[in-house]
Amino acid sequence: MGGAANVTALRLLRARLRARRRTVAAATAVVFVVYQTLILVVLAAGLGGAPNYVRRYPAWENAHRIVRLTPSAADAAALIEREPLIEYGRRHPVFGVAVWSFELTWSGLLFFVSFSALVGIYLGIGGRAGRWGTVSSLGGAGAVGLLGASVSSLTHCGFGSFGVLLAISGISAATIQWFARLEPVLIPAGYALIVLAILTRARRAAPMPAAAGA
């Protein structure tokens, strides 16, 4: 029964995606822009002011060079995923050193796009969220959203990006270290919760069968 229910939910989801693809695409774009804006606002407000520099990296050229010079495909992939695409931050006006900086890497871009796509699908397919669908969506979005910046590179006072976001919230260093150890578990759990919310909402969006006597 469980397998049949899952197949039905996937079929319903495909049908909703075909019918509302433009809405889903628009919702995904909005989520991506809002998420990046929130990160910028949090960093600027919590780490010493608005950014005053932006740097673009030759991402394609760097990736091509890594592939050409690295014999192992696995090693090349590991190096490429850490390659920066764009960096912005704030430099000290007198000393010229970075007060804070945010680097978007290939792995970071993959995370932000996948996160935005999943939330965009949830918002775009329509239908009733329901109590458990809403809870699972908020739980997934909260876990992945809070921890998502950890896949990018953020530099400030020796903390990793996840540590910076928690430190801005006033959480102690000991608690930050404890939470950091949970990242490998919490991030997949967040994804799983969002997927569960999408399937739940797709089932709720299905039209009710007509009564036998109708």
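Scope of this entry: the structure provided in the associated data block. (Residues numbered from 1 in each chain as written. Predicted model: local features only at pLDDT ≥ 70, side-chain atom pairs only at ≥ 80, totals over all residues. Heavy atoms only, no water.)

Residues lying three or four places apart along an α-helix face the same way, a consequence of the helix completing one turn every 3.6 residues. Relative to the 38 Å expected for 26 residues at 1.5 Å per residue, helix H2 (residues 21-46) spans 37 Å between its end C-alpha atoms, a close match to the ideal helical length. Turning to H2, its buried residues number three or more, namely Val-24, Ala-27, Thr-28, Val-31, Tyr-35, Gln-36, Ile-39, Leu-43 and Ala-44. Just downstream of H2 lies Gly-48, where phi reads positive at about 110°. (Helix = DSSP H or I, 4+ residues; strand = E, 2+ residues; numbered from the N terminus. Expected span 1.5 Å × (residues − 1). Buried < 20%, exposed > 50% of the residue type's maximum accessible area, 1.4 Å probe, protein only.)

All right, on to the side chain of Ser-116 then. Relative to the elements of secondary structure, Ser-116 occurs in helix H5 (residues 106-124). Taking the relative accessible area as the measure of exposure, Ser-116 reaches 1% and is therefore buried. Looking at Ser-116, its side chain comes within polar contact range of the main-chain nitrogen of Phe-32, at 3.4 Å. In contact with Ser-116, not counting residues within four places along its chain, are Thr-28, Val-31 and Phe-32. (Polar contact = N/O pair within 3.5 Å; in protein donor to acceptor, adjacent residues only side chain to side chain. Contact = heavy atoms within 4.5 Å.)

Our next topic: the packing of H2 against H5. With their axes 7 Å apart at the nearest point, H2 and H5 run at an angle of 130° to one another. Relative to H5, H2 is oriented oblique. Here H2 runs over H5; the crossing is right-handed. Here Thr-23, Val-24, Ala-27, Thr-28, Val-31, Phe-32, Tyr-35, Gln-36 and Ile-39 of H2 lie close against H5, whose contacting residues are Leu-109, Phe-111, Phe-112, Val-113, Phe-115, Ser-116, Ala-117, Val-119, Gly-120, Ile-121, Leu-123 and Gly-124. The residue inventory of the contact of H2 with H5, partitioned by class, reads 15 nonpolar, 6 polar and no charged. (Axes fitted to C-alpha atoms, helices over the stretch in contact; angles between N-to-C directions. Parallel < 35°, antiparallel > 145°, perpendicular 65-115°, else oblique. Left-handed = near helix turned anticlockwise from the far one by under 90°. Nonpolar A, V, L, I, M, F, W, Y, C, P; charged D, E, K, R; others polar.)

Together, Val-30, Val-34 and Leu-38 make up a nonpolar patch on the protein surface, roughly 260 Å² of accessible area in all. Relative to the helices and strands, Val-34 resides in helix H2. A relative accessible area of 41% means that Val-34 is categorised as partly exposed. (Patch = residues over 30% accessible without salt bridge, like charges linked within 9 Å, V, L, I, M, F, W, Y side chains within 5 Å. Areas by Shrake-Rupley, 256 points an atom, 1.4 Å probe, with all protein chains shown as cover. Salt bridge = Lys/Arg side-chain N within 4 Å of Asp/Glu carboxyl O.)

Checked against the element boundaries, Ile-39 lands in helix H2. For Ile-39, a relative accessible area of 9% puts it in the buried group. Sequence spacing of Ile-39 and Phe-102 is 63 residues, and the spatial spacing of their C-alpha atoms is 9.4 Å. If we ignore the near neighbours within four places in the chain, the residues touching Ile-39 are Tyr-88, Phe-102 and Phe-112.

All right, on to the packing of aromatic side chains then. In total, this model carries 9 aromatic pairs according to the counting rule given. A centroid spacing of 5.2 Å and a plane angle of 80° characterise the contact between Tyr-35 and Phe-112, whose relative ring orientation is edge-to-face. Of the two residues, Tyr-35 is situated in helix H2 and Phe-112 in helix H5; the sequence distance between them amounts to 77 residues. Each member of the pair Tyr-35 and Phe-112 is classed as buried. Seen in terms of ring centroids, Trp-60 and Trp-106 are 5.4 Å apart; in terms of plane orientation they differ by 65°. Their pairing is edge-to-face. Of the two residues, Trp-60 sits in helix H3 (residues 59-69) while Trp-106 sits in helix H5, which places them 46 residues apart along the sequence. An aromatic cluster is present here, built from Tyr-35, Phe-111, Phe-112, Phe-115 and Tyr-191 joined pairwise through their rings. Above the ring of Tyr-53, the side-chain terminus of Arg-91 is found at 3.9 Å from the ring centroid. One cation-aromatic arrangement involves Arg-201 over Tyr-122; the distance from NZ or CZ to the ring centre is 4.7 Å. (Phe/Tyr/Trp six-rings, centres within 6.5 Å; stacked < 30°, edge-to-face > 60°. Lys NZ or Arg CZ within 6 Å of the ring centre and 35° of its normal.)

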